[in-house]
Amino acid sequence: HVSEAEAHWAKVLKQLRSKYGELYRQDNVILSGTHTHSGPGGYFQYTLFWITSKGLVQPALKSIVNGIVKSIDIAHENMKKGRLFINRGTVENSQINRSPFSYLANPESERNRYSSNTDKEMVLLKMVDEDGHELGLISWFAVHPVSMNNSNHLVNSDNMGYASYLFEQEKNKGMLPGEGSFVAAFASSNLGDVSPNTRGPFCTNTGESCDNPQSTCPIGGAAMCMAKGPGKDMFESTRIIGQNIYLKAKELYEKASQEVTGPLSTAHQWVNMSNVSVELNATHTVRTCKPALGHSFAAGTIDGVGAFNFTQGSVEGDPFWDQIRDQLLGEPSNETKACHKPKPILFNTGEMTWPHPWHPDIVDVQIAAIGSLAILAVPGEFTTMSGRRLREAVQSEFDSHGTPGMNVVIAGLCNVYTHYISTYEEYQLQRYEAASTIYGPHTLSAYIQLYRGLAKAIALNGTRELSPGPEPPFFNVTSLTLLPSLSTESAPAGKTFGDVLEEVRQEYREVRGEVAEVTFVGANPRNSAENTHNFLTVERYSNISSSWRVVLNDASWDTRFYWSKGSRGQSNVTIEWHIPAGTEPGVYRLRYFGHYKKRATLVRVISVPFEGSSSAFQITAP
């Protein structure tokens, strides 16, 4: 689930420092995740996130860091003078609140000020150079990229990624994904309780609604309660929601006329979130807590249920799980229990230090102001109402210090991941988002106090006087993994890596639903993690140049890559191309690129590159 990490941060900044000196620093670089639940795991330095990925996966971390640095290099080398334009508008039919019962716990007078229990506004920043040539955009919109649910085993970028893909395909005509100069970035906002699965939660076994405070089904309990998107399956739902987001972004982009001008400034602090003193009013001071996750964290959400039949909204612990936790991980201290009330603690992560800390104590808070636009880089997922309170507080801080009329946007999932931030009232109900508010009931109040401080420093030109705060620890986490190391691989007798096992048909018609498919003798895709390359291409034969031209790759929406592991070091790879209507008739082929592990000496295993190709096939008009 995690989108970014301090581990990346440190490594990215180290590489930037060696290249650019003091140009790119902690205070002026923001690492923000689009956020997908369908990515490779195992690249986060805190122990909790290793449970699902069986430890730290070094190649995954390495390739992500290298990719981030490379993109900054490319941007740096192509830097131009330019102009910025801002626009905002409403995105319809693309989200629901997945914890409506928690939202209703907020004061009625506050709820009455809003027409919806989600934020439907998209804010878009358009970038052009001095001559008006289009460079790119960033848009912020609050929706979870979980149109692909947890039954999906493909790596993909979900609805936000699809919106980005559509925009870039349109602007970089004839280019492959990731090529071309136009960049369309779709960023997260306060999406904590916002789901794209607009039909709401249903019991997967009986088909009845499970839109109740516990998100539980009469038969099968909470594990059966899953939200459905607007489409007939998750691929179609991703496409529909992604397209809605893209179409609104396109409209806002084309009409953007309000120019953003003024100075650039950034404010950054590290803060120990497990011990912030918050002044609620003149007489009341409260504190944040050491991080801990409640029982409902394990329940998951209607977008991706947890294991073991935990239910949402648990304000009482479960003696069975509590006993297992106490024996394995140690019982939470009375102080932590009291601090987190009414949360029944499942994992007292702030008191768990083996083999490394399980959760961060030291967290980044950061604001970047570009003229009249203030980007609040927040380290987690604020719920709808939490985000509204934060934006409003920061806005009034700017207003009262002589910089009125600021456009305040929340950029979610920045720099480090600290789960969710629910309001104090939502916290009392202990659904998933509240159980995952790890610094206790006053987490939001603490963040509001901190971001007000940053906003004030920017408004009064006092960012230099801000204390940097306590630096986060960096521990050497290279050694720990439960994933078996990749062993040598073999091909079936008489075959070699990349050979075709099941061939394509000779002809396909250009109609919806046609799928060209080929199966190869394959190897573990993890072997290729260190070598950034394509796993597959779709190529079209050009009679004019008598050569093959790549028309799609593994990042294209219509291609899929499946790896299936067999026995005795053997495995297969199947490549599918879901041929869309409108495909140009002609001669095509599918290609596969991989690496296999081979023993070079008694102690050394090396990765050997190989490739495979299907036969040529014809696509004909319907």
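Analysis parameters
Residues numbered from 1 in each chain as written. Predicted model: local features only at pLDDT ≥ 70, side-chain atom pairs only at ≥ 80, totals over all residues. Heavy atoms only, no water. UniProt positions renumbered as here; feature names shortened; annotations may be inferred. Core = buried A, V, L, I, M, F, W, Y, C linked by side-chain atoms within 4.5 Å. Buried < 20%, exposed > 50% of the residue type's maximum accessible area, 1.4 Å probe, protein only. Helix = DSSP H or I, 4+ residues; strand = E, 2+ residues; numbered from the N terminus. Contact = heavy atoms within 4.5 Å. Axes fitted to C-alpha atoms, helices over the stretch in contact; angles between N-to-C directions. Parallel < 35°, antiparallel > 145°, perpendicular 65-115°, else oblique. Left-handed = near helix turned anticlockwise from the far one by under 90°. Nonpolar A, V, L, I, M, F, W, Y, C, P; charged D, E, K, R; others polar. Expected span 1.5 Å × (residues − 1). 1 Å grid on protein atoms, 1.4 Å probe; cavity = no way out; pocket = protein on both sides within 12 Å on 5 of 7 lines; lining within 4 Å. Points joined across faces, edges and corners; volume = space filled by probe spheres on them. Phe/Tyr/Trp six-rings, centres within 6.5 Å; stacked < 30°, edge-to-face > 60°. Lys NZ or Arg CZ within 6 Å of the ring centre and 35° of its normal. Disulfide = S-S within 2.5 Å.

Under an unreviewed UniProt entry, the name given to the protein chain is Neutral ceramidase, and the source organism is Geospiza parvula. The UniProt entry for the protein chain carries the following comment under Catalytic activity (unreviewed entry): "an N-acylsphing-4-enine + H2O = sphing-4-enine + a fatty acid". Note on the protein chain: under the UniProt heading Sequence similarities (unreviewed entry), the record states "Belongs to the neutral ceramidase family."

Overview of the nonpolar core
With 52 residues, the main nonpolar core has Met 273, Leu 376, Leu 390, Tyr 447 and Tyr 451 as its most contacted residues. Per-element tally for this core: the top contributor is helix α12 (residues 443-459), with 11 residues. Those residues in contact with Leu 376 that lie beyond four places of it in its chain are Gln 366, Ile 367, Leu 390, Val 394, Val 408, Val 409, Ile 410, Ala 411 and Tyr 451. By size, the runner-up hydrophobic cluster in this structure holds 24 residues, among which are Phe 497, Tyr 508, Leu 552 and Tyr 588.

Looking at unusual backbone geometry
Residues Lys 341 and Pro 342 are joined by a peptide bond in cis, for which omega reads 0°. Within the secondary structure, Pro 342 sits in the loop between α8 (334-340) and β16 (345-347). A positive phi angle, near 45°, is found at Ser 215, a position not held by glycine.

A word on the packing of helix α5 (residues 158-171) against helix α6 (residues 234-255)
Two elements in contact, α5 and α6, have axes separated by 7 Å at closest approach and are oriented at 50°. In terms of orientation, α5 and α6 fall into the oblique class. In terms of crossing hand, the pair formed by α5 and α6 is right-handed. The residues of α6 that touch α5, namely those facing Asp 158, Asn 159, Met 160, Tyr 162, Ala 163, Leu 166, Phe 167, Glu 170 and Lys 171, are Thr 238, Arg 239, Ile 241, Gly 242, Gln 243, Ile 245, Tyr 246, Ala 249, Lys 250 and Tyr 253. Taken together, the residues that form the contact of α5 with α6 break down as 10 nonpolar, 4 polar and 5 charged.

As for the UniProt feature "active site" (unreviewed entry) in the protein chain
The feature "active site" (unreviewed entry), as annotated in UniProt, sits at Ser 195 in this numbering. Looking at the element boundaries, Ser 195 is found in strand β6 (residues 194-195).

Looking at α12
With 17 residues, α12 ought to run about 24 Å at 1.5 Å a step, and its terminal C-alpha atoms sit 24 Å apart, in line with that. Restricting attention to buried positions, one finds in α12 the residues Thr 443, Leu 444, Ala 446, Tyr 447, Ile 448, Leu 450, Tyr 451, Leu 454, Ala 455, Ala 457, Ile 458 and Ala 459.

Structural notes on the UniProt feature "binding site: Zn(2+)" (unreviewed entry) in the protein chain
In the numbering used here, UniProt assigns the feature "binding site: Zn(2+)" (unreviewed entry) to His 35, His 144, Glu 381 and Tyr 420. With the annotated positions falling across 386 residues, the maximum pairwise C-alpha distance of 13.6 Å places them together in a single cluster. Among the secondary structure elements, His 144 is positioned in the loop between β4 (134-140) and α5. A relative accessible area of 0% places His 144 in the buried class.

Brief notes about empty space enclosed by the protein
By the definition in use, this model includes 2 cavities of 30 Å³ or more. For the largest cavity, the calculated volume is near 50 Å³. Lining of the largest cavity is provided by Ser 99, Ser 102, Asp 193, Thr 383, Ser 422, Glu 426, Arg 431, Glu 433 and Ala 434. For the lining of the largest cavity, a count of residues per class yields 1 nonpolar, 4 polar and 4 charged. As a volume, the second largest cavity reaches approximately 40 Å³. Taken together, Ser 215, Ala 222, Cys 225, Ala 299, Gly 300, Thr 301, Ile 302, Val 305, Phe 310, Thr 311 and Gln 312 form the lining of the second largest cavity. In terms of residue class, the lining of the second largest cavity is made up of 6 nonpolar, 5 polar and no charged.

Notes on the layout of surface pockets
Computed from the structure, the second largest pocket encloses a volume of approximately 1,100 Å³. For the lining of the second largest pocket, the secondary-structure elements that each account for two or more residues are α5, α6, β26 (547-553) and β28 (571-578). Within the lining of the second largest pocket, the residues separate by chemical class into 17 nonpolar, 8 polar and 11 charged.

So, the environment of Val 573
In this structure, Val 573 sits in strand β28. Val 573 gets classed as buried once you look at its relative accessible area, which sits at 0%. For Val 573 and Arg 83, which are 490 residues apart along the polypeptide, the C-alpha to C-alpha distance reads 47 Å. Once residues lying within four places of it in the same chain are set aside, the contact partners of Val 573 are Val 518, Thr 519, Phe 520, Gly 522, Ala 523, Phe 561, Tyr 562, Trp 563 and Tyr 592.

With respect to the packing of aromatic side chains
All told, the structure shown has 24 aromatic pairs when counted by the stated rule. Pairing Phe 382 with Tyr 447 gives two aromatic rings, centres 5.7 Å apart and planes at 50°, and the pair type is tilted. Of this pair, Phe 382 sits in strand β19 (residues 381-382) while Tyr 447 is found in helix α12, placing the two residues 65 residues apart along the sequence. Phe 382 sits in the buried class, given a relative accessible area of 0%. Put simply, the rings of Phe 497, Phe 520, Phe 535, Phe 561, Tyr 592, Tyr 596 and Phe 610 touch in pairs and so form one group of aromatic residues. A cation sits over an aromatic face here: Lys 171 above Phe 182, 6.0 Å from the ring centre. Sitting over the ring of Tyr 114, Arg 388 keeps its end group 3.9 Å from the ring centre.

A closer look at the state of the cysteines
Put plainly, two cysteines are in a disulfide when a covalent bond ties their sulfur atoms together. All told, the structure shown has 3 disulfides when counted by the stated rule. For Cys 203, the disulfide goes to Cys 217, at an S-S distance of 2.2 Å. An S-S torsion of about -110° defines the bridge between Cys 203 and Cys 217 as left-handed. Within this pair, whereas Cys 203 is found in strand β7 (residues 200-203), its partner Cys 217 is found in the loop between β7 and β8 (225-228), the two being separated by 14 residues in sequence. Judged by its relative accessible area of 2%, Cys 203 is buried. If one numbers only the bonded cysteines of the protein chain, in the order they occur, the disulfide pattern is 1-3, 2-4, 5-6.

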